[in-house]
Amino acid sequence: MTAERPAPVAATKQQAPTWRAKLRRDWPLLVMNLPMLLVVVAFWWVPALGNVIAFQDYNPYDGGILGSPIIGFTNFALLFEDPQFLRAVTNTLSITAFQLVFYFPVPIMLALLLNSIVSAKLRAFVQGVVYMPFFFSWVLVVAIFQQMFGGAGLLAQILRENGREAVDWMTNSDTFILLLTSQTIWKDAGWGAIIFLAALSTIDPNLYEAAAVDGARRWRRMWHITLPGLRPVIVLLLILRLGDALNVGFEQFMLQRSAVGSAASEVFDTFVYWSGLRTGDLGYGAAAGLFKGLVGLLLILAANRVAHAFGERGVYSRS
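Bear in mind that the values here come from a model prediction, so they are computed numbers and not experimental data. (Residues numbered from 1 in each chain as written. Predicted model: local features only at pLDDT ≥ 70, side-chain atom pairs only at ≥ 80, totals over all residues. Heavy atoms only, no water.)

**Observations regarding the overall build of the chain**
Consideration 1: On a plain count of helices and strands, the chain comes out with 16 helices and zero strands.
Consideration 2: The C-alpha atoms of the chain give 27 Å as radius of gyration, which overshoots the globular expectation for 319 residues (20 Å, by more than 25%).
Consideration 3: Dimensions of the chain, computed from the C-alpha atoms along their principal axes, are close to 110 × 70 × 35 Å.
Consideration 4: Per-residue burial for the chain yields a buried fraction of 32% across its 319 residues.
Consideration 5: Within the chain, contacts between residues separated by at least 24 positions form 61% of all contacts whose residues are at least 6 apart in sequence.
Consideration 6: For the chain, the computed accessible surface area is about 21100 Å², with 66% contributed by carbon and sulfur atoms.
Consideration 7: If you average the places of the 24 positive and of the 20 negative side-chain charges in the chain, the two averages end up 13 Å apart. (Helix = DSSP H or I, 4+ residues; strand = E, 2+ residues; numbered from the N terminus. Rg over C-alpha atoms; globule rule 2.2 N^0.38 Å. Buried < 20%, exposed > 50% of the residue type's maximum accessible area, 1.4 Å probe, protein only. Contact = heavy atoms within 4.5 Å. Areas by Shrake-Rupley, 256 points an atom, 1.4 Å probe, with all protein chains shown as cover. Lys, Arg positive; Asp, Glu negative; His and termini not counted. Charge placed at Lys NZ, Arg CZ, Asp CG, Glu CD.)

Printed below as a string of structure tokens:
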């Protein structure tokens, strides 16, 4: 009587390929990306070494980077004691939070509206109209809003002709955040909708046909098919926007600073300009810029972890 053969052992977990195997597999892609990698090294990584001046009493005319004395975190200590810096951070975060609520959904809704236009010619015309402001400079955008909502603008003239008091929205610091968001929507919403239109084009039309056969109406099809199809792109752009929370623009605020005052228009970028570049204290300005970069990195990492917790890929994921 022969002994019974043992049951086969379950296959062990396949080992991850070594870096040499990955190099043999992916070397054509690495060669293809080499020119761009050189550009990144030359214009991003090497200049980033200049952040060392944030820890120096930097003087470009006496010693430079190699000869300026190291003062540690003194610039950062002065930064956090500066009331103008705290006001700039508060204004920047307030504007970012406000625009996340009132601007971020606008390109999504605009893409849904454009996608619902049946006529191809009409859709192309509307797209051209809403894309056009993106190519205007902020100087032109502010000038157009000045002609519309300024003290001598069209709206003020209409109010005066009807016996009412004119309102100069361009110099009202209390409503400055509404003015900024309106300008951003008018200028950038059309261009931002392009990404969502591209994501809409990847959704299988058979899903809509099957849902229509099952009796689903337009709103139910949008809720159960369109929005889930857009969710990965929405999460990705939301993470990138959070990482860019301390960057709300420079030209838009500098052009309107004299009209509404620095209390309402002082943001992070303008603070770095006035406190670092204009005064010549480059080490102080570099400390503010380094703080901005670190906060952006932490926000991206935190938002990406939250995206993973909800089952989304996010900006990156471990292989």
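Now, onward.
**Some thoughts on the UniProt feature "transmembrane region" (unreviewed entry) in the chain**
Consideration 1: Those residues carrying the UniProt feature "transmembrane region" (unreviewed entry) are residues 27–46, 58–80, 92–114, 134–156, 225–243 and 282–303 in this numbering.
Consideration 2: When the span residues 58–80 is considered, its composition is 48% helix and 0% strand, and the gap between its end C-alpha atoms is 19 Å.
Consideration 3: Within the segment residues 225–243, helix and strand shares are 100% and 0% respectively, and the terminal C-alpha atoms sit 28 Å apart. (UniProt positions renumbered as here; feature names shortened; annotations may be inferred.)

**Examining the pattern of salt bridges**
Between side chains of opposite charge, a pair can form as their charged atoms come close.
Consideration 1: If you walk through the whole model with that rule in mind, you get five salt bridges.
Consideration 2: Between aspartate 188 and lysine 187 there is a salt bridge, and its shortest N-O distance comes to 3.8 Å.
Consideration 3: Put simply, arginine 257 and glutamate 266 hold a salt bridge, and the shortest N to O gap is 3.0 Å. (Salt bridge = Lys/Arg side-chain N within 4 Å of Asp/Glu carboxyl O.)

**A few points about helix α4 (residues 83–102)**
Consideration 1: For α4, built from 20 residues, the straight-helix expectation of 28 Å at 1.5 Å per residue is met to within 8% by its first-to-last C-alpha distance of 28 Å.
Consideration 2: Residues Phe85, Ala88, Val89, Asn91, Thr92, Ile95, Thr96 and Gln99 constitute the buried set of α4. The buried residues of α4 occupy an angular sector of 165° when the element is viewed end-on, so they sit on one face. Set apart from the buried face of α4 by more than 90 degrees, the exposed residues are Pro83 and Val101.
Consideration 3: The backbone nitrogen of glutamine 84 lies 3.0 Å from a side-chain oxygen of the residue at the head of α4, namely aspartate 82. (Expected span 1.5 Å × (residues − 1). Arc of directions from axis to C-beta. Polar contact = N/O pair within 3.5 Å; in protein donor to acceptor, adjacent residues only side chain to side chain.)

**What to know about the side chain of threonine 270**
Consideration 1: Within the secondary structure, threonine 270 is located in helix α15 (residues 268–277).
Consideration 2: When neighbours within four sequence positions are excluded, threonine 270 is seen to be in contact with Phe250, Phe253, Met254, Arg257 and Ser265.

**A short note on the layout of surface pockets**
Consideration 1: Volume-wise, the largest pocket comes out at about 730 Å³.
Consideration 2: Those elements that provide at least two residues to the lining of the largest pocket are α9 (176–201) and α11 (218–243).
Consideration 3: The leading source of residues in the lining of the largest pocket is α9, at seven residues.
Consideration 4: Looking at the lining of the largest pocket residue by residue, the classes come out as 11 nonpolar, six polar and four charged.
Consideration 5: Considering only enclosed or pocket space, the second largest pocket measures out at about 520 Å³ in volume.
Consideration 6: Every residue lining the second largest pocket is counted, 16 residues in all, and those nearest its centre are Leu112, Asn115, Ser116, Arg218 and Thr226.
Consideration 7: Residue assignment for the lining of the second largest pocket shows that the elements contributing at least two residues are α5 (105–116), α9, α10 (205–213) and α11. (1 Å grid on protein atoms, 1.4 Å probe; cavity = no way out; pocket = protein on both sides within 12 Å on 5 of 7 lines; lining within 4 Å. Points joined across faces, edges and corners; volume = space filled by probe spheres on them. Nonpolar A, V, L, I, M, F, W, Y, C, P; charged D, E, K, R; others polar.)

**Thoughts on the packing of aromatic side chains**
Consideration 1: Counted according to the given criterion, the structure contains 20 aromatic pairs.
Consideration 2: Geometrically, the ring pair formed by phenylalanine 135 and tryptophan 191 is edge-to-face, given 5.7 Å between the ring centres and 80° between the ring planes. Note that phenylalanine 135 is positioned in the loop between α6 (120–131) and α7 (138–149) and tryptophan 191 in helix α9, a separation of 56 residues in sequence.
Consideration 3: Residue phenylalanine 135 is classed as exposed on the basis of its relative accessible area, which comes to 59%.
Consideration 4: Both rings, one in phenylalanine 176 and one in phenylalanine 253, keep their centres 6.2 Å apart while their planes meet at 75°; by these two values the pair is edge-to-face. (Phe/Tyr/Trp six-rings, centres within 6.5 Å; stacked < 30°, edge-to-face > 60°.)

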